[in-house]
Amino acid sequence: MPSEKVIQTDVLVIGGGMAGFFAAMKAREQGLDVTLTDKAFAGKSGSTHFSEGDIVYFRQDLGHDAKEWVDLISRNSEYLNNREWDEICLLEAEARYHDLVNWGVQFYEKDGKLYVFGTPKDTGVGTPGTAYTMIAQQNRKFAPTLRSRALEVGVRVMDRLMVSELLQQEGRVAGAVGFNTNSGDLYVLKAKATILATGASGLKGGAYPVYSYTGDGEIMAYKAGAALASKEFMYGVVYSRAEVEQRRKGGTVEISQNALDVSYRYPFAVGGDFSGWYNKPNLNSQGEPVVFPAWDAHQGKAPLYLDFSSASGWLMKDYLKRIGTPQADKIGLDIKRGMQIKWPSSRIMTHSIWNGSGVWATDKNCSVGIPGLYAAGNSCGTMASGAMYGGMGFASTHAMVTGARAAKAAAAYISENRKHAVSKEEVARARQEVCRPIERQGGFSPAWVTQALHGITIPYYFLDIKHATRLQAALSIVEFLREHIVPKLRAETPHEWRLAHETQNMVTIAEMRFRSSLFRTESRGNHFREDYPRRDDPNWLAWVKVKKAGEEMSLLKEPIPRAWWPDLSKPYEERYPRILPME
Amino acid sequence: MIETVDAELCNGCRLCLDTCPTDCFRLDTLVSGRAEQPPCQVACPAGTDMRRYLYLVREGMIDEAIGVLEDCLPLASITGRICPHPCETACARNDVDEAVNINSLERFVGDRWIADKPASARLLYTAEVAIVGSGPAGLACGYFLARMGYPVTIFDSMPEAGGMLRYGVPDFRLPRAVLAAQIDYLRAMGVQFRMNTPIGGGTSLDDLAREYRAVFVAAGAARSRKIEIEGRALDGVLWGLEFLREVNADQPVSASGKKVVVIGGGNVAMDAALTVNRLGAASVRMVCLETRETMPAYAEEKQQALDEGVVIDPSWGPKRIAGRDGKVAGMELVRCLRVSDGAGRFAPAFDDKETKFVEADLVILAIGQEADLAFLPHDVHVTESRTIRVDALTLQTSRPGVFAGGDIVSGSASVVEAIGAGKKAAVSIDRHLKSQDIRADRDLRPQRVLKPPRERIPHIPRRAAPWLPVGERSGNFAEVKCGYSDDAARLEAQRCMTCGSRAVIAYPEDCQMCLFCERDCPTQAIYVSPDRKEIPLMAWR
Ligand SMILES: Cc1cc2nc3c(=O)[nH]c(=O)nc-3n(C[C@H](O)[C@H](O)[C@H](O)COP(=O)(O)OP(=O)(O)OC[C@H]3O[C@@H](n4cnc5c(N)ncnc54)[C@H](O)[C@@H]3O)c2cc1C
Ligand SMILES: Cc1cc2nc3c(=O)[nH]c(=O)nc-3n(C[C@H](O)[C@H](O)[C@H](O)COP(=O)(O)OP(=O)(O)OC[C@H]3O[C@@H](n4cnc5c(N)ncnc54)[C@H](O)[C@@H]3O)c2cc1C
Ligand code: SF4
Ligand code: SF4
């Protein structure tokens with residue numbers, strides 16, 4: 001039996017990324033006692049610490065037009081973006097930028113001035129007519145800065161504290177239970193309000209490192225009765241030896257250290273004129289491939305190459321400067337083939353980093369429909385990005401904005417509600433739930449179960465190139481894992497205890513992915529079905545929500561407001577410039 | 001996938017642990033097989049293993065941290081309050097920002113130990129050991145021997161145990177309840193206390209040496225050194241230690257409304273000044289030979305004295321005490337030019353032309369302590385400076401089976417030195433009783449970690465211990481320095497750089513090849529290969 005520690009706090013923030021720190025700092029600004037936990041090291045884990053740190057630079061005083069920007073996001077997101085949230089994020093971006101400045105975060109500068117970049121109209125680069133501009137925090141520095149700042153203002157930061165079960169009392173959330181992955185101590189975190197900021201829900205498929213996002217917060221909320229959104233949309237990224245080599249070079253990178261990220265993103269951003277299939281405007285304006293690499297490999301065209309040869313001189317120079325002029329072969333540039341990069345992927349695609357999916361936000365305060373519980377950042381299902389990532393820099397901005405909003409709402413909730421206690425019975429229930437894997441005498445190893453799960457999720461023919469038959473097949477295996485294997489997960493060490501819960505959560509996330517993918521009988525954005533290869537308007541101008549109904553997973557279709565529909569009088573090709581594989 | 005941490009390069013800074021998003025590392029703070037110790041440990045006379053227990057505090061593993069102190073530092077709740085902490089002076093973090101507040105962390109763990117962990121000891125041997133003196137040296141020796149399984153009896157002439165901790169150090173720095181809890185803890189371990197039993201009175205040291213298989217003499221240096229000075233017999237002249245002893249024994253000492261002059265610049269003088277101030281003195285003036293900077297009292301106490309309105313009058317020597325009607329009326333002081341000679345020997349020089357007179361109705365002389373060695377038999381040899389002569393390695397006296405340590409050997413020193421001596425003596429006594437070689441493997445001078453962490457350590461401000469507001473201190477003996485909360489302790493412990501530990505790749509299979517560790521490591525000790533090894537998986541465990 002692990003020894004038990006109790007912490008009493010006003011606001012519990014689970015997750016120490018951008019969203020978590022914004023939630024914590026803003027709650028602290030309201031004079032509340034704040035506890036922030038991270039299953040790794042707050043400020044050095046999560047997407048946040050990996051990101052380039054680009055954030056949206058939206059300034060009304062410079063004449064930026066919110067509608068123009070949101071229209072762009074709508075087109076990129078294939079109309080499933082929540083336009084209200086997009087506007088909120090844009091309008092609040094400047095205030096959040098000032099927060100960052102006040103907290104000591106440093107930004108990249110050029111010629112002594114804030115370095116503003118992106119795809120501004122006048123450079124002629126990027127999707128023509130794109131207004132979108134960004135600025136960049138000094139990457140790998142900003143999150144640790146947020147951490148020190150939070151410590152300075154008295155946020156109780158708890159590292160290696162994995163939270164895995166919410167405490168519920170009379171329909172409200174009263175904190176959570178977790179454990180330290182080193183000491184193996186159990187932590188009962190009694191809180192008046194709880195903010196989930198645990199990031200996205202990947203499946204630990206090799207991609208740009210995503211092992212931290214296993215949907216922990218989403219599953220906690222789901223189990224407590226909240227809905228999750230958009231589990232059918234995948235977010236593909238690639239992973240390779242070249243990337244690792246490139247990251248090693250990171251120290252010399254001027255603007256961005258995640259060179260591979262740059263390497264796949266920026267060349268595409270030039271638009272047009274790539275070899276073969278990539279000639280088509282099938283990429284979103286930010287250059288993210290949809291399922292094409294998978295589709296091409298499926299068609300027998302692997303290995304695939306990224307072609308830099310037509311990249312404009314401006315871009316190539318900028319790019320090489322950014323990555324610190326590495327040796328070509330280290331990033332996979334195959335000189336013999338000209339300026340081509342072997343598609344640097346061991347697996348074709350992996351899943352979901354961000355589309356504004358997550359726990360369904362029931363209002364603009366990041367509530368999730370359960371009193372005392374809020375979600376922020378990648379965990380928060382605002383649908384600010386729809387079927388695809390809507391715009392660069394948007395994810396971080398969304399994390400800041402939702403973090404700040406959740407904190408404000410949590411503070412208001414605390415002052416309005418007097419009841420915060422939690423019963424012994426509920427603590428005992430949660431403790432039992434959390435301790436199951438570590439208290440079992442024997443059972444299945446989490447790593448083995450994860451491997452089994454990978455067998456039916458990572459290969460491209462399950463979640464990238466989808467078909468009802470394969471989705472069904474995978475679903476029945478996942479159901480088996482859920483019913484017969486997950487309850488027998490066994491952790492031998494506190495570290496493995498974390499893995500056990502992550503595995504359990506990933507199994508549920510996978511089930512949601514299969515069910516949502518089956519449910520959406522069309523293709524759109526990052527959801528591609530061979531058996532329904534085209535968008536189906538207006539039938540599927542709707543979101544898919546997953547919710548617990550008894551012990552069952554129920555699926556709901558939530559139509560988007562009519563006002564957000566594309567102009568259905570226009571022909572399909574004009575509504576959707578991006579072409580899907582079978583079109 | 002993460003492949004290697006080069007143990008030769010790794011300095012134990014722990015940055016990789018505080019970086020890896022998937023929790024691949026663990027820290028080996030024990031580093032068995034390696035002789036180097038962190039600077040703090042080398043500097044600690046009791047050899048406390050800070051690195052290990054501070055790391056555990058940081059991880060929230062307080063019980064385990066207590067376990068480390070059990071092995072190396074008894075009386076932590078006492079040293080955690082009043083130790084001059086040479087460890088902090090040596091702390092490698094001084095080169096980064098400021099030393100770790102080891103003292104407050106020690107107190108935190110020490111207090112939790114006494115509060116939460118019941119005492120236990122098993123009697124394993126029948127050979128009985130006698131200890132003379134219940135000061136920290138005697139208590140520490142008793143603790144370690146009881147822990148090893150020996151029956152131990154501590155003799156003391158005073159009614160209550162603790163030595164200077166009980167009758168010297170005032171309550172506002174070391175509350176009696178804290179000391180009492182430590183003594184109770186030893187009692188619960190089975191240590192016997194025979195109070196009101198002066199050795200050399202009814203029972204002699206020879207008697208003890210006959211009745212017990214080994215004796216540890218830790219009788220301290222509990223007598224004020226007296227000087228010949230005109231007026232010393234006047235009513236209103238007190239000696240530092242005796243004054244403190246009376247106050248600590250709850251005897252009425254009247255100081256109310258008096259103008260007090262304290263002579264001396266050491267800790268006893270300081271405690272006397274702070275104490276008499278609390279007894280309602282109208283004014284307290286400390287007069288010392290040294291300059292303000294060189295006076296030997298601890299910096300912290302100097303600050304406290306200033307805060308509490310004690311006037312420090314440095315670079316003056318006492319010339320005579322003036323009296324009226326047999327009572328003290330004032331003091332004549334003479335300018336002190338220097339305290340010691342070129343060779344560092346105590347040899348004060350005065351400028352007789354510069355004198356001054358200060359009014360006083362109470363004078364406390366606190367100019368040093370000495371040991372009372374009258375009870376020692378002739379075969380226990382003493383030194384010129386009137387301390388017991390011992391073998392430095394084993395603390396054995398000239399008489400086999402009799403060991404000595406603490407102030408009675410070192411001259412007045414500190415609690416932690418006394419504890420170190422008690423610990424050393426316990427090892428000697430154990431070996432002596434087992435007829436083992438008491439010298440073997442003991443002359444190992446601990447090596448200092450050569451290159452402690454420094455680069456890339458994020459700056460975090462040191463957390464001072466909170467102090468009772470000055471306004472709440474007068475007229476009472478409430479403790480002035482307060483302890484850390486759980487949060488403060490955890491945060492301050494995060495500042496420890498765990499110098500000389502080794503990072504261990506505990507879970508390589510969970511490496512996501514982000515390379516954060518490799519890039520953050522200040523010593524380039526880490527290599528992450530771009531290839532992933534397949535590690536055979538066990539389906540069940
Ligand atoms: C390589 C890369 C580059 C990117 N570049 C950009 C960019 O330039 N601009 C942009 O806007 N966006 C970018 N993004 C996306 C952006 O970084 C994220 O959307 C944003 O940082 C999300 O922040 P978050 O706080 O919601 O989640 P995260 O930063 O993922 O933080 C979640 C935290 O929760 C912790 N956690 C998870 N589960 C638990 C649990 N059970 N208990 C305790 N703690 C838990 C994790 O350890 C993690 O620290 C990028 C992402 C990646 C991966
Ligand atoms: C006022 C004051 C303040 C101090 N402040 C600090 C401080 O802040 N920090 C610090 O580290 N150190 C401080 N010290 C020093 C510290 O207290 C001593 O160095 C330490 O107590 C020495 O321990 P010891 O066990 O050798 O002797 P002591 O503590 O002196 O104990 C000796 C014991 O032996 C007993 N004894 C003596 N003769 C006999 C006998 N013949 N028979 C039986 N019993 C006998 C005495 O009654 C006494 O109980 C202070 C000392 C004083 C006087
Ligand atoms: S970061 Fe490097 S030097 Fe520091 S503990 Fe880890 S391996 Fe050792
Ligand atoms: S490279 Fe591997 S071991 Fe190093 S920080 Fe990343 S996941 Fe951890």
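The structure presented is a predicted model; accordingly, all values stated were derived computationally and were not measured. Per chain, residue numbering runs from 1 following the sequence as it is written. Lettering for chains starts from A, numbering for ligands starts from 1, and both go in the order in which the items are written. Selection of residues for local features in this predicted model requires a pLDDT of at least 70, selection of side-chain atom pairs for listing and counting requires 80 or more, and totals for whole chains, interfaces and linings are taken over all residues. Water and hydrogen atoms play no part in the side-chain values, which are based on all heavy atoms of the structure.

## A short note on the domain arrangement of chain A
Residue and element names in this part refer to chain A. The following threshold applies: An automatic or database domain assignment supplies the start and end points of every domain. Residues are treated as being in contact if the distance between any of their heavy atoms lies within 4.5 Å. Reported buried area values correspond to the accessible surface (1.4 Å probe) lost by two parts on association, with both partners' losses combined. We define a salt bridge as a side-chain nitrogen of Lys or Arg found within 4 Å of a carboxyl oxygen belonging to Asp or Glu. Think of a polar contact as two N or O atoms within 3.5 Å of one another; within protein, one of them needs to be a possible hydrogen donor and the other a possible acceptor, and neighboring residues in sequence only count if both atoms come from side chains. Amino acids are sorted into nonpolar (Ala, Val, Leu, Ile, Met, Phe, Trp, Tyr, Cys and Pro), charged (Asp, Glu, Lys and Arg) and polar (every other residue, Gly among them).
Per the domain assignment, the segments making up chain A are domain 1 (4-234 + 351-424), domain 2 (241-345) and domain 3 (427-575). Between domain 2 and domain 3, the contact holds 5 residues from the first and 7 residues from the second. Note on domain 2 versus domain 3: buried area summed over both sides is about 570 Å², and carbon and sulfur give 73% of it. At the boundary of domain 2 with domain 3, the tally comes to 0 salt bridges. Here domain 2 is connected to domain 3 by 0 residue pairs in polar contact (both at pLDDT 80 or more). Within the side of domain 2 that touches domain 3, the residues separate by chemical class into 4 nonpolar, 1 polar and no charged.

## Looking at the site of ligand 3
Cut-off, in case you're wondering: For each residue, the test is whether any non-hydrogen atom lies within 4 Å of the molecule or strand; if one does, the residue is near.
Within the structure, ligand 3 sits among 13 residues, and B:Cys10, B:Cys13, B:Arg14, B:Cys16 and B:Cys521 are positioned closest to it. Among the residues forming the shell around ligand 3, the class breakdown is 9 nonpolar, 3 polar and 1 charged.

## Points about the site of ligand 1
Residue and element names in this part refer to chain A. To be explicit about the condition: Working definition of accessibility: Shrake-Rupley area with a 1.4 Å probe, residue cover restricted to the visible protein chains.
For ligand 1, the set of nearby residues contains 39 residues, the closest of which are Asp-38, Thr-48, Glu-52, Asn-378 and Ser-396. Take Ser-47: an N or O atom from its main chain is 2.8 Å from an oxygen atom of ligand 1. Considering ligand 1 on its own, with 1,000 Å² of exposed area, one finds that the protein chains cover 99% of that surface.

## A word on the domain arrangement of chain B
Residue and element names in this part refer to chain B. Along its sequence, chain B is carved into domain 1 (1-29 + 506-541), domain 2 (34-117 + 453-500), domain 3 (129-222 + 371-433) and domain 4 (226-369). Here domain 1 and domain 2 have C-alpha centroids that lie 29 Å from each other. Counting from both sides, the interface comprises 16 residues of domain 1 and, opposite them, 17 residues of domain 2. Summing the contributions of domain 1 and of domain 2, the shared interface buries around 1,200 Å²; its carbon and sulfur component is 45%.

## What about the nonpolar core?
Operational definition: Only buried residues count toward a nonpolar core. Its members are Ala, Val, Leu, Ile, Met, Phe, Trp, Tyr and Cys residues joined through side-chain atoms within 4.5 Å. Exposure is judged per residue with a 1.4 Å probe applied to protein chains only, and the accessible area is read against the type maximum: over 50% gives exposed, under 20% gives buried, and values in between give partly exposed.
With 136 residues, the main nonpolar core has A:Leu100, A:Ile195, A:Leu196, A:Phe394 and A:Phe514 as its most contacted residues. Taken domain by domain, this core gets at least three of its residues from each of domain 1 (4-234 + 351-424) and domain 3 (427-575) of chain A. If you look at the next biggest cluster of nonpolar residues, it comprises 78 residues, including B:Leu54, B:Ala140, B:Ala146 and B:Ala418.

## Let's talk about the interface of chain B and chain A
Rules: Where helices and strands are cited, they refer to DSSP runs of H or I of at least four residues and of E of at least two residues respectively, numbered from the N terminus.
Each side of the interface is counted separately: chain B has 40 residues, and chain A has 47 residues. Here chain B and chain A share an interface that buries about 3,900 Å² over both sides, 46% of which is from carbon and sulfur atoms. Linking chain B with chain A are 7 salt bridges, by the criterion used here. The interface formed by chain B and chain A holds 23 residue pairs in polar contact (both at pLDDT 80 or more) in total. Among the elements of the structure, helix H2 (50-58), helix H16 (486-493), helix H17 (516-520) and strand E21 (526-528) of chain B are those that each provide at least two residues to the side of chain B that touches chain A. Among the elements that make up the side of chain B that touches chain A, the one with the highest residue count is H17(B) (4 residues). Here the side of chain B that touches chain A is composed, by residue class, of 20 nonpolar, 5 polar and 15 charged.

## Notes on the pairing of strand E11 (residues 186-196) of chain A
Residues and elements named next belong to chain A. To keep it simple, the criterion reads: Pairing between two strands requires that DSSP report at least two bridges joining them.
When you tally the buried positions in E11, you get 9 out of 11 residues, the bulk of the element. Relative to E11, strand E1 (residues 4-14) is paired through 10 bridges, and the arrangement is parallel. Directly across from Val-6, in E11, lies its bridge partner Val-188. Bridge count between strand E10 (residues 172-180) and E11: 5 bridges; the pairing is antiparallel. When the bridges of E11 are listed, Gly-175 appears paired with Lys-190. Counted between consecutive antiparallel strands, the loop separating E10 from E11 contains 5 residues, among which Gly-184 sits at a positive phi close to 75°. Here E11 pairs with strand E17 (residues 373-375) via 3 bridges, running parallel. Paired with Ile-195 across the strands is Tyr-374, a residue of E17.

## Remarks on the pattern of salt bridges
When their charged atoms lie close together, side chains carrying opposite charge are able to pair. Inspection of the entire model under this criterion finds 92 salt bridges over all chains. Between B:Arg34 and B:Glu8 there is a salt bridge; the shortest N-O distance is 3.0 Å. One end of the pair, B:Arg34, is in the loop between strand E2 (25-28) and strand E3 (36-37); the other, B:Glu8, is in the loop between strand E1 (2-5) and E2, and 26 residues separate them in sequence. Where B:Asp250 meets B:Arg176, a salt bridge forms, and the shortest distance between an N and an O atom there is 3.0 Å. Linking B:Asp250 in the loop between helix H11 (240-248) and strand E10 (259-263) with B:Arg176 in helix H9 (residues 176-188), this pair joins segments that are 74 residues apart in sequence. Judged by its relative accessible area of 25%, B:Arg176 is partly exposed. One salt-bridge network, in which partners are shared between bridges, spans A:Lys26, A:Glu29, A:Glu92, A:Arg96, A:Asp99 and A:Arg405.

## Thoughts on helix H11 (residues 394-416) of chain A
Think of an α-helix as 3.6 residues a turn; residues three or four steps apart then line up on the same face. The following threshold applies: Helix span, as expected, comes to 1.5 Å for every residue beyond the first.
Compared with an ideal rise of 1.5 Å per residue, which puts 23 residues at 33 Å, H11(A) spans 33 Å between its outermost C-alpha atoms and is within 8% of the ideal. Among the 23 residues in H11(A), 18 count as buried, and that is most of the element.

## Topic: helix H16 (residues 494-519) of chain A
Its 26 residues place the ends of H16(A) 38 Å apart at the C-alpha level, agreeing with the 38 Å of an ideal helix rising 1.5 Å per residue. The element H16(A) is largely enclosed, with a buried count of 25 among its 26 residues.

## Section: the sheet that holds strand E6 (residues 192-194) of chain B
All names here are of chain B. The criterion, for reference: Convention adopted: a line fitted to C-alpha atoms gives each axis, helices being fitted over their contacting stretch, and angles between N-to-C directions are expressed from 0 to 180 degrees.
Pairing in this open sheet of 5 strands is parallel, and the strands run E6-E5-E4-E7-E18 from one edge to the other. At either end of the open sheet lies a strand with only one pairing partner, and these are E6 and strand E18 (402-404). Adjacent strand axes in the sheet meet at a mean angle of 20° when their direction is disregarded. With 3 bridges connecting them, strand E5 (residues 152-155) and E6 associate as parallel partners. Each residue of the ladder has a partner; that of Ile-154, found in E6, is Phe-193.

## Some details on the side chain of B:Glu301
Residues and elements named next belong to chain B. Mapped onto the elements of the fold, Glu-301 is located in helix H13 (residues 299-307). Here the side chain of Glu-301 touches Arg-173 through a polar contact of 3.2 Å, side chain to side chain. Non-local contacts of Glu-301, meaning those with residues more than four positions away in its chain, are made with Arg-173, Asn-267, Met-270, Asp-271 and Leu-274.

## Re the pairing of strand E7 (residues 214-217) of chain B
Residues and elements named next belong to chain B. Covered by surrounding structure in E7 are Ala-214 and Phe-216 together with Val-215 and Val-217, the residues of both alternating faces. Relative to E7, strand E4 (residues 129-132) is paired through 4 bridges, and the arrangement is parallel. When the bridges of E7 are listed, Ile-131 appears paired with Phe-216. Note that E7 and E18 share 3 bridges and pair parallel. Bridge pairing in E18 places Val-215 opposite Val-402.

## Things to note about unusual backbone geometry
In the segment running from A:Asp537 into A:Pro538, the intervening peptide bond is cis, with an omega of -10°. Unlike most non-glycine residues, B:Leu395 shows phi in positive territory, near 65°. Within the secondary structure layout, B:Leu395 lies in the loop between strand E17 (369-370) and E18.

## Observations concerning the packing of H2(B) against helix H6 (residues 102-116) of chain B
Residues and elements named next belong to chain B. Applicable threshold: Throughout this description, any angle smaller than 35 degrees is read as roughly parallel, any larger than 145 degrees as roughly antiparallel, any in the 65 to 115 degree range as roughly perpendicular, and the remainder as oblique. Take the far helix as your reference; a near helix turned counterclockwise from it by less than a right angle gives a left-handed crossing, and one turned clockwise gives a right-handed crossing.
Contact pair H2 / H6: the axes reach a minimum separation of 11 Å and the direction vectors enclose 70°. Our classification of the angle between H2 and H6 gives roughly perpendicular. In this structure, the crossing between H2 and H6 has a hand that is left-handed. Every residue of H6 that contacts H2 at Met-50, Tyr-53, Leu-54 and Val-57 is listed here: Ile-102, Leu-105, Glu-106 and Val-109.

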